[in-house]
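# Fold and geometry: a report
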Amino acid sequence: MSRRIIIKPSEHVLHVAPGETILQSALREGFSLPYGCRNGSCGICKGRILSGSVDYGNYDEETLTEDEKQAGLALFCCASPQTDLVIECHEIGAIKDIEIKTLPTRVEKLERVAPDVMIVSLKLPANQRLQFLAGQYIDILLKDGKRRSFSLANAPHDDDVLQLHARNYPGGVFAEHVFTKMKIKDILRFEGPLGSFFLRDTVDDDVPIIFIAGGTGFAPIKSILEHVFYQEAGKDHKRTMRLYWGVRTKADLYMAELAEQWQQQHDNFTFIPVLSDALPEDNWQGRTGFVHQAVMEDFPTLERHQVYACGSPVMVKAAYQDFTALRKLPRDGFFSDVFTPSTSQS
Ligand code: FES
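Residues numbered from 1 in each chain as written. Predicted model: local features only at pLDDT ≥ 70, side-chain atom pairs only at ≥ 80, totals over all residues. Heavy atoms only, no water.

The chain is annotated in an unreviewed UniProt entry as CDP-4-dehydro-6-deoxyglucose reductase of Nitrosomonas marina.

### Section: the overall build of the chain
Test applied: The helix count covers DSSP runs of H or I at least four residues long, the strand count covers runs of E at least two residues long, and both are numbered beginning at the N terminus. For the radius of gyration, the atoms used are the C-alpha atoms, and the globule rule reads 2.2 Å times the number of residues raised to 0.38. Categorising residues by exposure relies on relative accessible area from a 1.4 Å probe, with only protein chains included: less than 20% of the type maximum marks a residue as buried, more than 50% marks it as exposed, and the intermediate range marks it as partly exposed. Residue contacts are defined here by distance: any two heavy atoms, one from each residue, within 4.5 Å place the two residues in contact.
Each helix and strand in the chain was counted, giving seven helices and 19 strands. Taking 346 residues into account, the globule formula puts the C-alpha radius of gyration at 20 Å, and the chain, at 22 Å, falls close to it. For the chain, the C-alpha atoms occupy an extent of roughly 70 × 45 × 30 Å along the three principal directions. Buried positions account for 51% of the 346 residues belonging to the chain. By sequence separation, contacts in the chain at least 24 residues apart represent 68% of the contacts at least 6 residues apart.

### Structural notes on the domain arrangement of the chain
Cut-off, in case you're wondering: Domain start and stop points were drawn from an automatic or database domain assignment. Note: buried area is the sum, over both parts, of the accessible area (probe 1.4 Å) each one loses when the two are combined. By definition, a salt bridge exists where a carboxyl oxygen of Asp or Glu is found within 4 Å of a side-chain nitrogen of Lys or Arg. The classification used treats Ala, Val, Leu, Ile, Met, Phe, Trp, Tyr, Cys and Pro as nonpolar, Asp, Glu, Lys and Arg as charged, and all other residues, Gly among them, as polar.
Domain assignment breaks the chain into domain 1 (3-91), domain 2 (101-194) and domain 3 (209-344). Its C-alpha centre places domain 1 at a distance of 37 Å from the equivalent point of domain 3. Contacts between the two partners involve five residues from domain 1 and, on the opposite side, four residues from domain 3. Of the roughly 300 Å² buried where domain 1 meets domain 3, counting both sides, 47% is carbon and sulfur surface. Counting across the interface, domain 1 meets domain 3 through zero salt bridges. Among the residues forming the side of domain 1 that touches domain 3, the class breakdown is one nonpolar, two polar and two charged.

### Let's talk about the UniProt feature "domain: FAD-binding FR-type" (unreviewed entry) in the chain
Counted only if it meets this: UniProt positions are given in the numbering used here, feature names are shortened, and annotations may be inferred rather than shown by experiment.
Using the residue numbers shown here, the UniProt feature "domain: FAD-binding FR-type" (unreviewed entry) corresponds to residues 100-200. Here residues 100-200 runs as 8% helix and 46% strand, with 21 Å between its end C-alpha atoms.

### Remarks on the side chain of Gln-163
Note the threshold: Between N or O atoms, a polar contact is any pair within 3.5 Å; within protein, one atom must be a potential hydrogen donor and the other a potential acceptor, and residues adjacent in sequence are included only when both atoms are from side chains.
One can find Gln-163 in strand E12 (residues 161-167). Owing to a relative accessible area of 15%, Gln-163 belongs among the buried residues under this scheme. A distance of 3.3 Å separates polar atoms of two side chains, one belonging to Gln-163 and the other to Lys-222. For Gln-163, the residues in contact, after removing those within four places along its chain, are Ile-119, Val-120, Ser-151, Leu-152, Ala-153, Asn-154, Lys-222 and Met-255.

### Re the packing of aromatic side chains
Put simply, the rule reads: A pair of Phe, Tyr and Trp rings is counted when the ring centres sit within 6.5 Å of each other, with Trp represented by its six-membered ring. The angle between the planes then sorts it: under 30 degrees is stacked, over 60 is edge-to-face, the rest tilted. Note on geometry: a ring has a charge over it if NZ (lysine) or CZ (arginine) is within 6 Å of the ring centre and within 35 degrees of the ring normal.
Applying the stated criterion to the full structure yields 13 aromatic pairs. Summarising the aromatic geometry, the rings of Phe-229 and Trp-262 are spaced 5.7 Å apart at their centres and angled 55° between planes, so their arrangement reads as tilted. Of this pair, Phe-229 sits in helix H4 (residues 218-232) while Trp-262 sits in helix H5 (residues 256-265), and the two are 33 residues apart along the sequence. On the numbers, 4.8 Å between centres and 20° between planes, the contact of Tyr-308 with Phe-335 is stacked. Pair noted here: Tyr-308 is in strand E18 (residues 306-311) and Phe-335 is in strand E19 (residues 334-338), with a separation of 27 residues, a long-range link. Neither residue differs from the other here; Tyr-308 and Phe-335 are each classed as buried. Three or more aromatic residues joined by ring pairs form one cluster here, namely Phe-218, Phe-229, Trp-245, Tyr-254, Trp-262, Phe-269 and Phe-271. Stacked on the ring of Tyr-35, the Lys or Arg Arg-38 has its end atom at 5.4 Å from the ring centre. Lying over the aromatic face of Tyr-56, Lys-69 brings its terminal NZ or CZ to 4.5 Å of the ring centre.

### Observations regarding the environment of Thr-270
Mapping Thr-270 onto the fold places it in strand E16 (residues 269-275). We classify Thr-270 as partly exposed; its relative accessible area is 27%. Note: C-alpha distance between Thr-270 and Leu-64 (206 residues apart in sequence) is 46 Å. If we ignore the near neighbours within four places in the chain, the residues touching Thr-270 are Met-241, Arg-242, Leu-243 and Gln-263.

### Observations concerning the sheet that holds strand E10 (residues 137-141)
Filter applied, for reference: In this scheme, strands are said to pair when DSSP sees at least two bridges between them. Between N-to-C directions, angles span 0 to 180 degrees; the directions come from axes that are lines fitted to C-alpha atoms, helices contributing only their stretch in contact.
The strand order across the open sheet formed by six strands is E11-E10-E13-E8-E9-E12, and the pairing between neighbours is antiparallel. Two strands bound the open sheet, and with one partner strand each, they are strand E11 (147-151) and E12. The mean angle between the axes of side-by-side strands here comes to 40°, regardless of whether they run parallel or antiparallel. Two strands pair when backbone bridges link them, and strand E8 (residues 101-114) and strand E13 (residues 187-194) are joined in this way by six bridges, in the antiparallel orientation. Each residue of the ladder has a partner; that of Arg-106, found in E13, is Ile-187. On the sheet, H4 packs against E11 and E12 and is oriented at approximately 150° with respect to E12.

### Comments concerning unusual backbone geometry
Pro-9 follows Lys-8 through a cis peptide bond whose omega is 5°. Position of Pro-9 among the secondary structure elements: in the loop between strand E1 (3-8) and strand E2 (12-16). With omega at 5°, the peptide bond leading from Gly-192 into Pro-193 counts as cis. Looking at where Pro-193 falls in the secondary structure, it is placed in strand E13. You will see that Arg-38, though not glycine, has its phi angle at about 60°, which is positive. For Arg-38, a relative accessible area of 22% corresponds to the partly exposed category.

Shown next, in the form of structure tokens:
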């Protein structure tokens, strides 16, 4: 039987499915409650039960003492409601509320998915999770003091393993390391989450969204889309979303099957791959040219739209200039994350 929870002081209402913890249901419904480990050992998710009763679940007894339980506290990552509840906790309303951490991480998997793209899966230490907003990135901290930035490609609700999409490019020292020397079980250190590339609510939340990805700019957009699909499940109201993914050749569409699957599963989502240098052997029948030009061709106006663009500086700049100047996109409706070769991202 599902339970209803009112969060104070925001008055947000949650519906907890059978078997879910309070935190799981909050994240699924799009409310950012604070968390760290998600397994009862850090205490970051601790909040107060103002009315109703919970099953406290499995947790570390040093993290939640008997006295704290008597005082009405619970760990929301472990506790499941036994009745309808009223709870009190501070909801994360902005990036500034999310703790930026420096953590070690272990390389769990390396998958070469295109000639110059490697998917790197990273496992955090036991008892650690990284809370982030879909679309944010982390900085890998190198031994010489330099940093390399990579967007997180997994969605926040799917945070067991962090996923990065690394592109090899001439002169990229760390990129070359990823492709030639990195091994499973290597230990890296990173800082994050960072950046402000995340989905914005609109006053009128019918505003359609256009995502433009250039190459591995697909990574943060994958995170955003997977999180949106997760949160929309079972809801009637869904924003219209289109993804234009621009690459050179067909081989560079390294997760096209996933995007096609999203399109089959979600009526509100359309996937438009665009090749700029299709090879004869690609037998490409789809869209060609520059990715932002494909959007220009499809939309006589972008007056009531939001655009999220992630890729090279040239692509992002051209999209911003043309959409705002020639398609009436409001300036505050354009959000971007620019990948630059030296740091991967800025
Ligand atoms: S998130 Fe660490 S104890 Fe709940």
